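# Structural description and commentary
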Amino acid sequence: MDKYKIEITEYMQRIIEEEASTQEKALDKVKKEYDNGNICLDYNDLKGLDIEIYNPDKFKSKLDILLERIDKFNKDRDWDQFHTPVNLSKSISIEAAELLECFQWDNDKYNIEDVTEELADVLNYCMQLCSVLHLDPIQIINDKMNKTEKKYPIEKAKGKSIKYDKL
Ligand SMILES: [Mg+2]
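Residues numbered from 1 in each chain as written. Predicted model: local features only at pLDDT ≥ 70, side-chain atom pairs only at ≥ 80, totals over all residues. Heavy atoms only, no water.

On to the overall build of the chain. Secondary structure assignment for the chain yields six helices and two strands. Along its sequence from the N terminus, the chain presents helices and strands in the succession β-β-α-α-α-α-α-α. The burial tally for the chain puts 23% of its 167 residues in the buried class. The long-range share in the chain, meaning contacts at least 24 apart out of those at least 6 apart in sequence, stands at 44%. Carbon and sulfur atoms provide 52% of the accessible area of the chain, an area that totals close to 12700 Å². (Helix = DSSP H or I, 4+ residues; strand = E, 2+ residues; numbered from the N terminus. Buried < 20%, exposed > 50% of the residue type's maximum accessible area, 1.4 Å probe, protein only. Contact = heavy atoms within 4.5 Å. Areas by Shrake-Rupley, 256 points an atom, 1.4 Å probe, with all protein chains shown as cover.)

What follows is the structure in structure tokens.
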């Protein structure tokens with residue numbers, strides 16, 4: 001049997017090797033793995049393939065899979081009814097306060113497990129607010145980065161913590 005390489009750069013480089021007698025059969029195996037939810041890909045990050053990936057629209061990123069998981073969690077518990085934009089905004093703020101609580105009495109000493117959990121809560125509610133408002137989290141952060149890069153040009157802002165209108 002020959003081996004066909006599928007090289008994927010997702011968040012880190014990954015190579016999937018499929019053993020098959022023909023390239024077509026290797027592709028079939030990949031398709032099956034994908035349909036079973038065992039492959040998590042971002043089509044835009046695919047490169048250098050021996051095998052042409054079928055139906056790129058079907059490939060999901062890790063973020064898509066995470067959002068689906070959060071969505072299912074809420075649907076299973078019938079909690080969507082509570083997740084209005086204002087309630088989710090309150091929840092982001094509450095969880096952000098819990099994150100800050102981790103550093104309440106000491107700036108330097110903190111429990112990384114507590115910080116990690118509270119940070120996860122903040123991010124989770126941010127993702128949920130994006131879903132409710134039909135916003136793509138990666139898109140909105142990139143859009144805002146485009147604006148912020150213009151507001152804070154490197155020549156003016158480097159090494160300074162001053163607001164853009166005072167630069
Ligand atoms: Mg919390």
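Now that the structure has been shown, the text picks up again.
Attention shifts here to the packing of aromatic side chains. Under the criterion given, the structure shown has three aromatic pairs. Geometrically, the ring pair formed by Tyr152 and Tyr164 is edge-to-face, given 6.0 Å between the ring centres and 85° between the ring planes. With Tyr152 in the loop between helix 5 (137-151) and helix 6 (154-157) and Tyr164 in the segment after helix 6, this pair connects stretches of sequence that are 12 residues apart. Relative accessible area serves as the criterion here: at 29%, Tyr152 is assigned to the partly exposed category. (Phe/Tyr/Trp six-rings, centres within 6.5 Å; stacked < 30°, edge-to-face > 60°.)

So, about the side chain of Ser91. As for its placement among the helices and strands, Ser91 is situated in helix 3 (residues 85-101). Looking at Ser91, its side chain comes within polar contact range of the main-chain oxygen of Asn87, at 2.8 Å. (Polar contact = N/O pair within 3.5 Å; in protein donor to acceptor, adjacent residues only side chain to side chain.)

The subject of this paragraph is the pattern of salt bridges. Enumeration according to the criterion identifies three salt bridges in this entry. Ionic pairing is found between Lys75 and Asp80, a salt bridge with its closest N-O pair at 2.9 Å. Linked by salt bridges that have partners in common, Asp71, Lys75 and Asp80 make up one network. (Salt bridge = Lys/Arg side-chain N within 4 Å of Asp/Glu carboxyl O.)

This part takes up unusual backbone geometry. The phi torsion at Asp78 lies on the positive side, around 55°, for a residue other than glycine. Assignment of secondary structure puts Asp78 in the loop between helix 2 (62-76) and helix 3. Although it is not a glycine, His134 adopts a positive phi angle of roughly 55°.

With that settled, the discussion passes to the coordination of the magnesium ion. Donor atoms from the polypeptide that coordinate the magnesium ion comprise Glu95 (OE), Glu98 (OE), Glu118 (OE) and Asp121 (OD), at 2.1 to 2.2 Å from the metal. Counting the intervening residues between successive donors of the magnesium ion yields the motif E-x2-E-x19-E-x2-D. On the criterion of sequence distance, the pair formed by Glu95 in helix 3 and Asp121 in helix 4 (residues 112-132) is long-range, its members being 26 residues apart. (Donors = N, O, S within 2.8 Å, 3.2 Å for Na, K, Ca; no water.)

For Arg77, the position within the fold is in the loop between helix 2 and helix 3. Residue Arg77 is classed as partly exposed on the basis of its relative accessible area of 39%.

In this section: the packing of helix 3 against helix 4. One way to put it is that helix 3 packs onto helix 4 with a least axis distance of 9 Å and a crossing angle of 165°. Relative to helix 4, the element helix 3 lies roughly antiparallel. Taken as a pair, helix 3 and helix 4 cross one another with a handedness that is left-handed. Residues Pro85, Leu88, Ser89, Ser91, Ile92, Glu95, Ala96, Glu98 and Leu99 of helix 3 form the contact with helix 4, whose own contacting residues are Val115, Glu118, Leu119, Asp121, Val122, Tyr125, Cys126, Gln128, Leu129 and Val132. In the contact of helix 3 with helix 4, the residues fall into 12 nonpolar, three polar and four charged. (Axes fitted to C-alpha atoms, helices over the stretch in contact; angles between N-to-C directions. Parallel < 35°, antiparallel > 145°, perpendicular 65-115°, else oblique. Left-handed = near helix turned anticlockwise from the far one by under 90°. Nonpolar A, V, L, I, M, F, W, Y, C, P; charged D, E, K, R; others polar.)

Let us now look at the state of the cysteines. Here, disulfide denotes a covalent bond that connects the sulfur atoms of two cysteines. Considering all chains together, one arrives at zero disulfides under this definition. The cysteine Cys126 is free of any disulfide, with Cys130 supplying the nearest cysteine sulfur at 7.1 Å. (Disulfide = S-S within 2.5 Å.)

Nothing here speaks to function; it is geometry throughout.
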